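# Commentary on secondary and tertiary structure
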Amino acid sequence: MYGNTGEILLVDLSSETLERKKVPEEYYHNYIGGAGLAARLFWDWGDFKAQPLDPGSLLIFMNGPFAGIRLSGCSRGSVAGRSPLTGHWGDSSCGGHFAPELRFAGFDGIVIRGQSHRPCAIVIEPENLRILPADEWWGLGVFETTSRIRAKFGKRAKSLAIGQAGENLVDYACIVNDNHHAFGRAGYGAVMGSKRLKAIIVKSFEQNYHAADPEGLDQLRRSIDLKIRESVTSQVLHENGTAANLEGGVHTGDVPIKNFRSSFWEEMAEALTGSTLSEKYLKNKAACAFCKIACKRVVEINEGPFAIPKGPGPEYETIAAFGSMLGSMDLAATCKAGRLCNDYGMDTITAGSTIAWAMEAFEKSALTLEDTNGLPLKWGDMKTVVDILLPQIAFRNGKLGGLLSLGSHKASLQINKGSGEYLTTSKGLEAPMHDPRGGGHGLALTYSISHRGACHTANPMLFMEMGACYYPEIGFEYELEPMSEENKAESALLAVQLGAIENSSCYCQFADREITIPEWVDLFNFSAGYNWTIENMMSAGLRVFYLQRLLNFRFGLTADDDSISMRLLEPAVDGAPEGVPVEFDSMKKRFYQLARLDEIKGIPDRATLDSLGMSVEASYVWN
Amino acid sequence: MEYWKDQHEPITAFLKLFEKAKEDPELSEGLKKVNQLIWFDYTEDGSDCSFHVDCRNGQVVAKQGKPSEEPDLIMSLSADDAHRSWSNKLNPVMAITRKKIRVKGSATGLLKLAPKLKKVALIYEQALNELNFLDKILK
Ligand code: SF4
């Protein structure tokens, strides 16, 4: 097999067994790798009755076929499974250095089931696969755990670790690679915690990548890498990180303010934007494996209430989630909150959004001092967020910590009192820091149809509405007006296929904008030997999108769940999108027609599944 | 060229735009924050069809032609697309994606100006009015 190794590591933590397992070659052709292949393996091996934190649940780490190629952005990895936050199918992507190391160690992925009787770690070294006790790491944050792993296994070892939030089963606990890169969304850190799996360590001996056409791949990767390096986007990301355009985003109404209640705050725009971070706190830039863009930040804050030592700095999502969303323009506070979340191992988007929800609930008396143990929750009070709320959540301390550790959706179901009106979610997942009302109405549609819930990385709709995509070979050569429904359903149908291709090949969305459709096809063919045409590639993307929907259907989701909180649809009260309605229902209706989704079940009709070679899968959902 | 009768017309219009932008406190502040020497290169429409703006050291100076010093940023495009762009009728992200605008150097400073494009378009319209280029105003 080319590109992929064809093998995964199957781990049963209950019986403490590790087994190499071959993956049928056609699965790679049909489901690509990464998020798509993980969905396929769950379809075959998953227990649909197992709750996310039950021993019987599966946790699947999966590489894409490009992991290990010396090309910017192509070595991310996926984790997937039933999400503890949302209760249905989900996945999450992570950059960093774990995925290529796993490939070099001989595996495309790791499938974990069972529950260890004591804290443990999985160690993957060629010819030396084992499960180690990890009692001495249990209770530690991610930073200390990672440094102990490095002390024990050497600096070249790459690790995934959970912090206290994962151990304490916070529903949005994340998994962190090398302190800086996170499988952030949907709570897979809690799944690791439930399995008493503190860390996974991988160390290879040689960096081999067996391409189908080594010469072709070498030429192609050099030319793509050059384009990526020279692109304006890369250069801007390199200089000022992913928050480089936060200021511009405030002016278009893309950046949410105070739990998506406002769409414009000029002073905040300059205070939180990427160039301000560079001027005030940036010490170094950092990168995922082989990436020349290096959009990651390393920051240090020497004084003040939010002083932090030199270490991982916040990305755009973290800055907005702990800045504008909470009514704060204190950039240092976002750095500190982001650092705490990395160390506790918690998703910053859900953490910030859940706190924003709680602040609004408190303001409107749905949460009272009795619920908060006497703690007032006030917009912009970042001392309380950093010193009290984040630790309380990570350790599930007290009534408030316990409530907020559920995420906003479940917390609102628990307290009721009309607090559902303050939610900013789809399918139980908090929306990222891009407001569809200003950022682009197509986002409202793609947040709602994403299998994992409100998500901007499930597909490239954000970039398509921005004007950063041009794919004439598949018919995307028109301009989109962000604040309109025109052509959004048509674009969304392409977006879901492209998103499935990106997330299954585990390619970074910041880097892959420079890759043309014919280059994508060549990349798959030269690396993994899929022998695809453009049509084959797009069909694989569609197949993955459909399979993820079928999984959710089997978890009980239907067309009604393709919805989004009213807060993200009601006309904005200020800023660029002020008063502009989002025509959500008509976009969804049109998308359903184009994607041939059943209006009740929310899954594709049988003929469509048959045409993609999914007749067996169809028989599970159409009888 | 669709909008211009010769290569000098666009430069006259764009220099007028910057002359007026300097007088506007908000735009002038925005330009100073860019803090770069930028060459707007429209030489695909004629060898004299370009101008540069020096926004360094708290000043804003716009002059015809290529700067004598090495620019921090070069924006190369056609004079027609420049006209659409200053009129806020061209999505700059899309124009860059489709290679209608080619950028060399650091575009970070320009991001600071992006939010002000609506205002720039208003002032550009005034500039065209003052130059009696009424037929060129894009509605
Ligand atoms: S662009 Fe940033 S997030 Fe993407 S691969 Fe490169 S360093 Fe990682």
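Since we're looking at a predicted model, the values are computed, not measured.

### Regarding the overall build of chain B
The helix and strand inventory of chain B stands at six helices and five strands. Reading the helices (α) and strands (β) of chain B from amino to carboxyl end gives α-α-β-β-β-β-α-α-β-α-α. With respect to the three principal axes, the spread of C-alpha positions in chain B is 35 × 30 × 30 Å.

### Some remarks on the sheet that holds strand S6 (residues 109-113) of chain A
All names here are of chain A. The strand order across the open sheet formed by six strands is S2-S1-S6-S3-S4-S5, and the pairing between neighbours is mixed. Strand pairing shows two members of the sheet lacking a second neighbour, strand S2 (17-22) and strand S5 (89-94), which therefore form its edges. Across the sheet, the mean angle from the axis of one strand to that of its neighbour is 20 degrees, orientation sign disregarded. Sheet topology note: the strand S1 (residues 7-12)/S6 ladder contains five bridges and is parallel. For Leu10, the partnering residue across the bridge sits in S6 and is Val111.

### Describing the pairing of strand S14 (residues 296-301) of chain A
Across a regular strand the side chains alternate sides, sitting on one face of the sheet and then on the other. Residue and element names in this part refer to chain A. Pairing of strand S13 (residues 282-286) with S14 involves four bridges; the strand directions are antiparallel. Each bridged residue has a counterpart across the sheet, and for Ala286 the counterpart in S14 is Lys296. Bridge analysis of S14 against strand S15 (residues 308-312) gives three bridges, and the strand direction is antiparallel. Across the sheet, Ile301 pairs through a bridge with Ile308, a residue of S15. Here S14 folds back onto S15, and the loop between the two strands holds six residues, one of which, Gly304, carries a positive phi near 95 degrees.

### Considerations on the site of the ligand
Surrounding the ligand, one finds 14 residues, the nearest of these being Gly95, Cys288, Cys291, Cys295 and Cys508 of chain A. When grouped by side-chain class, the residues that make up the shell around the ligand number ten nonpolar, three polar and one charged.

### Brief notes about the environment of Ala618 of chain A
Residue and element names in this part refer to chain A. Looking at the element boundaries, Ala618 is found in helix H26 (residues 615-621). It is 39 Å that separates the C-alpha atoms of Ala618 and Arg70, two residues lying 548 residues apart in sequence. Not counting residues within four places of it along the chain, the set of residues in contact with Ala618 comprises Arg606, Leu609 and Asp610.

### So, the environment of Gly313 of chain A
Residue and element names in this part refer to chain A. Of note, Gly313 is situated in the loop between S15 and helix H12 (316-321). Judged by the 30 C-beta atoms lying within 10 Å of it, Gly313 falls in the buried class. Taking the C-alpha atoms as reference points, Gly313 and Leu282, separated by 31 residues in sequence, lie 8.0 Å from one another. Ignoring anything within four residues of it in the chain, the contact list for Gly313 reads Leu277, Tyr281, Arg297, Val298, Val299 and Cys335.

### Notes on the sheet that holds S15 of chain A
Residues and elements named next belong to chain A. Reading across the sheet, the three strands line up as S13-S14-S15 and stay open at both edges, with antiparallel pairing between neighbours. Strand pairing shows two members of the sheet lacking a second neighbour, S13 and S15, which therefore form its edges. Mean inter-strand twist for the sheet, computed between neighbouring axes without regard to direction, equals 15 degrees. Together, S14 and S15 form the strand contacts of helix H13 (residues 331-344), whose direction differs from that of S15 by roughly 65 degrees.

### Notes on the domain arrangement of chain A
All names here are of chain A. Examined at the domain level, chain A breaks down into domain 1 (7-202), domain 2 (241-422) and domain 3 (430-621). On a C-alpha basis, the centres of domain 1 and domain 3 stand 26 Å from each other. Across the contact, 39 residues belong to domain 1 and 33 residues belong to domain 3. Counting residues per element, the side of domain 1 that touches domain 3 draws most heavily on helix H2 (residues 34-45), which supplies eight residues.

### Observations regarding unusual backbone geometry
Despite not being glycine, Glu127 of chain A has its phi angle at roughly 65 degrees, a positive value. In this fold, Glu127 of chain A is placed in the loop between strand S7 (120-125) and strand S8 (128-133). A tally of 7 C-beta atoms within 10 Å means that Glu127 of chain A is categorised as exposed. For Asn88 of chain B, which is not a glycine, the phi torsion comes out positive at approximately 60 degrees. Here Asn88 of chain B is to be found in the loop between helix H3 (79-86) and helix H4 (92-97). The exposure class of Asn88 of chain B is partly exposed, given the 17 C-beta atoms found within 10 Å.

Reading the values: rules and limits
- Residues numbered from 1 in each chain as written.
- Chains lettered and ligands numbered in written order.
- Predicted model: local features only at pLDDT ≥ 70, side-chain atom pairs only at ≥ 80, totals over all residues.
- Helix = DSSP H or I, 4+ residues; strand = E, 2+ residues; numbered from the N terminus.
- Pairing = 2+ DSSP bridges.
- Axes fitted to C-alpha atoms, helices over the stretch in contact; angles between N-to-C directions.
- Near = placed C-beta within 6 Å.
- Nonpolar A, V, L, I, M, F, W, Y, C, P; charged D, E, K, R; others polar.
- Contact = placed C-beta atoms within 7 Å.
- Buried ≥ 20, exposed ≤ 12 C-beta atoms within 10 Å, placed from the backbone.
- Domains from an automatic or database assignment.

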